[in-house]
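Residues per chain, in single letters:
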Amino acid sequence: MTTAAATTATTVTDVAVFDGTDAPAGRFDVSFDASGITGVLPTGAARPAGVRVDGAGGTLLPGLIDAHVHFLDPEELSTLARFGVTTALHMGTWPPRFVAELRAAGHGADLRSAGTPLAGTGGTHARIPGFPAADLIETPEQARRRVAARVAEGADYVKLILERPGAGGPSPETAAAAVEAAHAAGLRVVAHASSTGAFALGVRAGVDVLTHAPLDAVPDPDLVRSVADAGIVVVPTLTMMRGTAHNLAVPALSYDHARDTVTALRRAGAVVVAGTDANDAPGVPAAVPHGSSLHDELGLLVEAGLSPAEALRSATGAAADAFGLSDRGRIRPGLRADLLLVTGDPLSRVHATRRVRAVWTAGRAVDAVAQAGPERL
Ligand SMILES: [Zn+2]
């Protein structure tokens, strides 16, 4: 049996477009099928064939990319898609057979995965029940071996857990060895860094992406400058940092530091990419729901000083660029037809993304789309 949705050409008509970088003036008819986006034309320029979806009053965006997600259940991939999140950058779980199960799910958001993170023998992750002992690294040689294991398992990038000095994470030499081995294999390194000390270690080790944002302080201007100058992408997961600061209620840790870090990074010209740390794992500092949280994150990024257009880029074109996903993240003929139709204009008010009207993944309409609910900001 062939499914009509997979083969039928579709055109969203008379719609405003945010193309992943900018919002070109005017209204457009955007055509696509399972092979990708086939046309972006001024409304009425051609008579589109196939299914028509009235986009009047709405804005069409590239499907959103959440650059920091975890899973306990492959069904969560479908949950993401219902909220317009069509690509999930998975930042780690174990065992490898569960990652393989996620990859094979065949529904919902398209997955990229780090597989099992690499963590120090004495850090926070070493205390997570069930964390694989083999992936706790102490020496540069162990780091190289675990990167080789990730490569053999088909990881799309390497996740490295960094801690502030003295907190049991990988040493500078071990972190640098992991980065060097990953780069030699053509993989990016995403470093978990939730303190200023871990940020500094990540810069020194040459990581590609820093994820989370410090709760202990705002990095000093030299460190902020070095992140921007090195071209390191930051995925601050403000949603998680806000929840963590609230739940831990440790006086020295403040969400204001995380928010102000984003403000400083953006001013320095660093690339900020949207990610939520969505998860429902027991024991994590804060439960972050899949899908709706990315809409929360966009609001928090705007609150931290990004313009709505910058926030939308951070979840579309900039995210695709940061992770080398050249087939998506923009509305352009030839790219994957991962698309999100919302009501209203998220460029004037980013919260409009919450009003999800339709979602397509690889040209196929997603059933039972979900609105992100009342604004919490
Ligand atoms: Zn995470």
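Up top is the structure these notes are about.
Residues numbered from 1 in each chain as written. Predicted model: local features only at pLDDT ≥ 70, side-chain atom pairs only at ≥ 80, totals over all residues. Heavy atoms only, no water.

## Observations regarding the environment of Arg-330
Relative to the assigned elements, Arg-330 resides in the loop between α12 (317-322) and β15 (339-343). A sequence separation of 322 residues divides Arg-330 from Thr-8, and the C-alpha atoms of the two residues are 21 Å apart. Apart from the residues lying within four places of it in its own chain, the contact partners of Arg-330 are Asp-19, Gly-20, Thr-21, Ile-37, Pro-62, Gly-317, Asp-321 and Leu-335. Polar side-chain contacts of Arg-330 include one of 3.0 Å to the side chain of Asp-321. (Helix = DSSP H or I, 4+ residues; strand = E, 2+ residues; numbered from the N terminus. Contact = heavy atoms within 4.5 Å. Polar contact = N/O pair within 3.5 Å; in protein donor to acceptor, adjacent residues only side chain to side chain.)

## Quick word on the environment of Leu-201
With respect to the helices, strands and loops of the structure, Leu-201 is situated in helix α6 (residues 196-205). Residues Leu-201 and Ala-176, 25 residues apart in the sequence, show an inter-C-alpha distance of 9.2 Å. Excluding residues within four positions of it along the chain, Leu-201 makes contact with Leu-162, Glu-163, Pro-170 and Pro-172.

## What about the packing of aromatic side chains?
Applying the stated criterion to the full structure yields 3 aromatic pairs. Geometrically, the ring pair formed by Trp-94 and Phe-131 is edge-to-face, given 4.8 Å between the ring centres and 70° between the ring planes. Within this pair, whereas Trp-94 is found in the loop between β7 (85-90) and α3 (96-103), its partner Phe-131 is found in the loop between β9 (119-120) and β10 (136-137), the two being separated by 37 residues in sequence. Their ring planes at 65° and their centres at 5.6 Å tell us that Tyr-157 and Phe-323 sit as a pair that is edge-to-face. Taken together, the residues span a long stretch of sequence, with Tyr-157 in the loop between α4 (140-153) and β11 (158-161) and Phe-323 in the loop between α12 and β15 at a distance of 166 residues. (Phe/Tyr/Trp six-rings, centres within 6.5 Å; stacked < 30°, edge-to-face > 60°.)

## Things to note about the pattern of salt bridges
A complete count under the given rule lists 17 salt bridges for this structure. For Asp-256, the salt bridge is made with Arg-259, and the minimal N-O distance between the two is 3.5 Å. Pair noted here: Asp-256 and Arg-259 are both in helix α9 (residues 255-268), with a separation of 3 residues, about one helical turn. What makes Arg-259 partly exposed here is its relative accessible area of 24%. Taken together, the shared-partner salt bridges connect Asp-110, Arg-112, Asp-327 and Arg-328 into one network. (Salt bridge = Lys/Arg side-chain N within 4 Å of Asp/Glu carboxyl O. Buried < 20%, exposed > 50% of the residue type's maximum accessible area, 1.4 Å probe, protein only.)

## Here's the deal with the packing of α6 against helix α7 (residues 221-229)
Look at α6 against α7: their axes get within 10 Å of each other, and the N-to-C directions meet at 40°. In terms of axis orientation, α6 runs oblique to α7. The element α6 and its partner α7 pack so that their crossing is left-handed. Contacts from Thr-196, Phe-199, Ala-200 and Val-203 of α6 reach α7 at Leu-223, Ser-226 and Val-227. Along the lines of polarity and charge, the residues of the contact of α6 with α7 split into 5 nonpolar, 2 polar and no charged. (Axes fitted to C-alpha atoms, helices over the stretch in contact; angles between N-to-C directions. Parallel < 35°, antiparallel > 145°, perpendicular 65-115°, else oblique. Left-handed = near helix turned anticlockwise from the far one by under 90°. Nonpolar A, V, L, I, M, F, W, Y, C, P; charged D, E, K, R; others polar.)

## Some details on a negative patch on the surface
Taken together, the side chains of Asp-73, Glu-75, Glu-101 and Asp-280 define an acidic patch exposed on the protein surface. Looking at where Glu-75 falls in the secondary structure, it is placed in helix α2 (residues 75-82). (Patch = residues over 30% accessible without salt bridge, like charges linked within 9 Å, V, L, I, M, F, W, Y side chains within 5 Å. Areas by Shrake-Rupley, 256 points an atom, 1.4 Å probe, with all protein chains shown as cover. Lys, Arg positive; Asp, Glu negative; His and termini not counted. Charge placed at Lys NZ, Arg CZ, Asp CG, Glu CD.)

## Considerations on the coordination of the zinc ion
Protein coordination at the zinc ion comes from His-68 (NE2), His-70 (NE2) and Asp-277 (OD), with a distance range of 2.0 to 2.2 Å. Each donor residue of the zinc ion lies on one chain, and together they are spaced H-x1-H-x206-D. Remark: Asp-277 occurs in the loop between α9 and α10 (292-303) and His-70 occurs in the loop between β6 (64-69) and α2; sequence separation between them is 207 residues. (Donors = N, O, S within 2.8 Å, 3.2 Å for Na, K, Ca; no water.)

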